[in-house]
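Below, each chain spelled out in residue letters.
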Amino acid sequence: MSLTLSINNISVERGAQHVLDDVTLSVKQGEILALLGPNGAGKSTLVSTIAGELKPASGQVLLGDMSLLGRKPQHIRQQGVAAVPEGHRVLKTLSVEDNLNAAASFLPRKDAGNAYAHALDIFPELKEKLALPAGHLSGGQQQMLSLAQALMTKPKFVLADEMSFGLAPVIVRRLIPLLKRVAEQGVGILLIEQYTAMALEIANHVAVLSRGRVIAQDDVARFRDNPEAVRDLYMDKDVA
């Protein structure tokens, strides 16, 4: 039976400002929800809230029937929700292999070994770099390592926040299909991506966030042939 990651009526405040205002979304295992919108809309704030790094003013985050609110980020990851923050953050002085092993330190040895093999199957390019310090990798390879670290935790859901950050489009074009492969193996993915057309190629559903509010949710078919419709939505909202 597949799980659903549910974000119910989440509001996050910064001072007197609502960074997120009554946001409700859901992602099922094996599906990709593309969360799109302009810079400053609150997308990364939502990822940080789900991951336990920020406390919301109100609302619920549920993994199936289990509340994730109030839990520490490490515990949320152990429960199967792995965040991949923007900027391909890796332990740059450690080897690629040590980065992978550190990510799965809480798993039993057998499970960690299986996760290790699976991560390198998804990202075979890293096999040749295992002994290198992660800081010596290219930007694209560091992003692969960030995603591989998330897979090492054997996640049920991955929160992929702007994995194209700082990367050339040709590199992003190589990375995006790998997320589709991960989803096909039963992992739910919340995808925040500035390259709207690429995100729409692999997503099942789309939500558009503007000024901290969800202004549209629909099946991807509504937008796939017209990516500009997403931008039109939040531009119209901002003008209004």
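Since the structure is predicted, the reported quantities are computational estimates derived from the model, not experimental observations.

Thresholds, definitions, all that
- Along each chain, the written sequence defines residue order, and numbers are assigned to residues from 1.
- With the structure being a predicted model, the display of local features is reserved for residues of pLDDT at least 70 and the display and counting of side-chain atom pairs for 80 or more, all residues being used for whole-chain, interface and lining totals.
- No hydrogens and no water enter the side-chain calculation; it runs on all heavy atoms of the structure.
- Any two strands are treated as partners once DSSP identifies two or more bridges connecting them.
- Each helix corresponds to a stretch of at least 4 residues labelled H or I by DSSP, and each strand to a stretch of at least 2 residues labelled E; elements are numbered beginning at the N terminus.
- What counts as an axis is a line fitted to C-alpha atoms, over the stretch in contact for a helix, and the angles between N-to-C directions run from 0 to 180 degrees.
- The criterion used for residue contact is that any of the two residues' heavy atoms lie within 4.5 Å.
- The distinction between a cavity and a pocket rests on a 1 Å grid over the protein atoms alone: a 1.4 Å probe fits inside a cavity but cannot get out, while a pocket stays open yet meets protein on both sides within 12 Å along at least five of seven lines, and a residue with an atom within 4 Å of a point counts as lining.
- Grid points are joined across faces, edges and corners, and a volume is the space filled by probe spheres set on the points.
- Each residue is assigned to one of three groups, with Ala, Val, Leu, Ile, Met, Phe, Trp, Tyr, Cys and Pro labelled nonpolar, Asp, Glu, Lys and Arg labelled charged, and all others, Gly among them, labelled polar.
- Any Lys or Arg side-chain nitrogen located within 4 Å of an Asp or Glu carboxyl oxygen qualifies as a salt bridge.
- To sort residues, take the accessible area from a 1.4 Å probe on protein chains only and compare it with the maximum for the residue type: under 20% means buried, over 50% means exposed, and anything in between is partly exposed.
- For every residue, the pLDDT score states the predictor's confidence, bounded by 0 at the bottom and 100 at the top.
- Note on terminology: a nonpolar core comprises buried Ala, Val, Leu, Ile, Met, Phe, Trp, Tyr and Cys residues joined through side-chain atoms within 4.5 Å.
- By this rule, a helix spans an expected 1.5 Å times one less than how many residues it contains.
- By definition, the arc is the one covered by directions from the helix axis to the C-beta atoms.

Some remarks on the sheet that holds strand β8 (residues 188–192)
Strand-to-strand pairing in sheets goes through backbone hydrogen bonds, with the strands running parallel or antiparallel.
Point 1. Read across the open sheet, the six strands follow the order β6-β7-β8-β3-β9-β10; overall the sheet is mixed. Each edge of the open sheet is held by one strand with a lone partner, namely β6 (81–84) and β10 (213–219). For this sheet the average axis-to-axis angle between neighbouring strands, irrespective of direction, equals 15 degrees.
Point 2. Pairing between strand β3 (residues 32–36) and strand β9 (residues 205–210): four bridges, direction parallel. Within β9, the residue paired with alanine 34 across the bridge is valine 206.
Point 3. Set on the sheet, helix α6 (residues 169–184) makes contact with β3, β7 (157–161) and β8; between it and β8 the angle comes to about 155 degrees.

Structural notes on empty space enclosed by the protein
Point 1. Tallied over the full model, the rule gives one cavity of 30 Å³ or more.
Point 2. A volume near 30 Å³ is recorded for the largest cavity.
Point 3. Lining the largest cavity, in full, are Phe123, Leu147, Leu151, Val158, Leu179 and Val182.
Point 4. Elements supplying a minimum of two residues to the lining of the largest cavity: α5 (139–152) and α6.
Point 5. Of the residues assigned to the lining of the largest cavity, the class counts are six nonpolar, no polar and no charged.

What about the pattern of salt bridges?
Pairing between side chains becomes possible if they bear opposite charge and their charged atoms approach one another.
Point 1. Applying the stated criterion across every chain yields a total of five salt bridges.
Point 2. One salt bridge connects arginine 173 with glutamate 201, and the closest N-O pair in it is separated by 2.8 Å. Pair noted here: arginine 173 is in helix α6 and glutamate 201 is in helix α7 (residues 196–202), with a separation of 28 residues, a long-range link.
Point 3. With a relative accessible area of 42%, arginine 173 lands in the partly exposed category.
Point 4. One salt bridge connects arginine 222 with aspartate 218, and the closest N-O pair in it is separated by 3.5 Å.

Focus on the confidence of the model for the protein
Point 1. Mean pLDDT for the protein: 91, with 97% of residues reaching 70 or above.
Point 2. Mean pLDDT across the secondary structure elements of the protein bottoms out at helix α9 (residues 228–239), with 73, and peaks at strand β4 (residues 58–63), with 97.

Points about the nonpolar core
Point 1. Leu100, Phe123 and Ile189 are the most contacted members of the largest nonpolar core, which totals 56 residues.
Point 2. When neighbours within four sequence positions are excluded, phenylalanine 123 is seen to be in contact with Met144, Leu147, Ala148, Leu151 and Leu178.
Point 3. Judged by nonpolar contacts, the second largest core, of 27 residues, contains Val23, Ala83, Leu159 and Leu209.

A word on α5
Point 1. With 14 residues, α5 should reach 20 Å at 1.5 Å per residue; the first-to-last C-alpha distance of 20 Å fits that figure.
Point 2. By the criterion of burial, α5 is predominantly enclosed, with 13 of the 14 residues buried.
Point 3. Of the residues flanking the end of α5, it is lysine 154, one or two places downstream, whose phi is positive at about 55 degrees.

Observations concerning the side chain of threonine 45
Point 1. Considering the arrangement of structural elements, one finds threonine 45 in helix α1 (residues 43–50).
Point 2. Threonine 45 gets classed as buried once you look at its relative accessible area, which sits at 12%.
Point 3. Ignoring anything within four residues of it in the chain, the contact list for threonine 45 reads Val12, Arg14, Val19, Leu20 and Leu54.

Looking at the sheet that holds β4
Point 1. The strand order across the open sheet formed by four strands is β2-β1-β4-β5, and the pairing between neighbours is antiparallel. Of all the strands in the sheet, the pair left with one neighbour each is β2 (17–28) and β5 (66–67).
Point 2. Sheet strands touched by α1: β1 (4–14), β2 and β4. Its angle to β1, the strand with the most contacts, is close to 115 degrees.

Topic: α6
Point 1. Between its terminal C-alpha atoms α6 stretches 23 Å, which fits the 22 Å expected from 16 residues at 1.5 Å a residue.
Point 2. Among the residues making up α6, those that are buried are Val172, Leu175, Ile176, Leu178, Leu179, Val182 and Ala183. Summarising the axial view, the buried residues of α6 lie within an arc of 165 degrees, below the 170-degree limit, and thus occupy one face. Facing away from the buried side of α6 by over 90 degrees, the exposed positions are Val170 and Glu184.
Point 3. Those residues of α6 hidden inside the fold are in contact with β3, α4 (109–122), α5, β7, β8 and α7.

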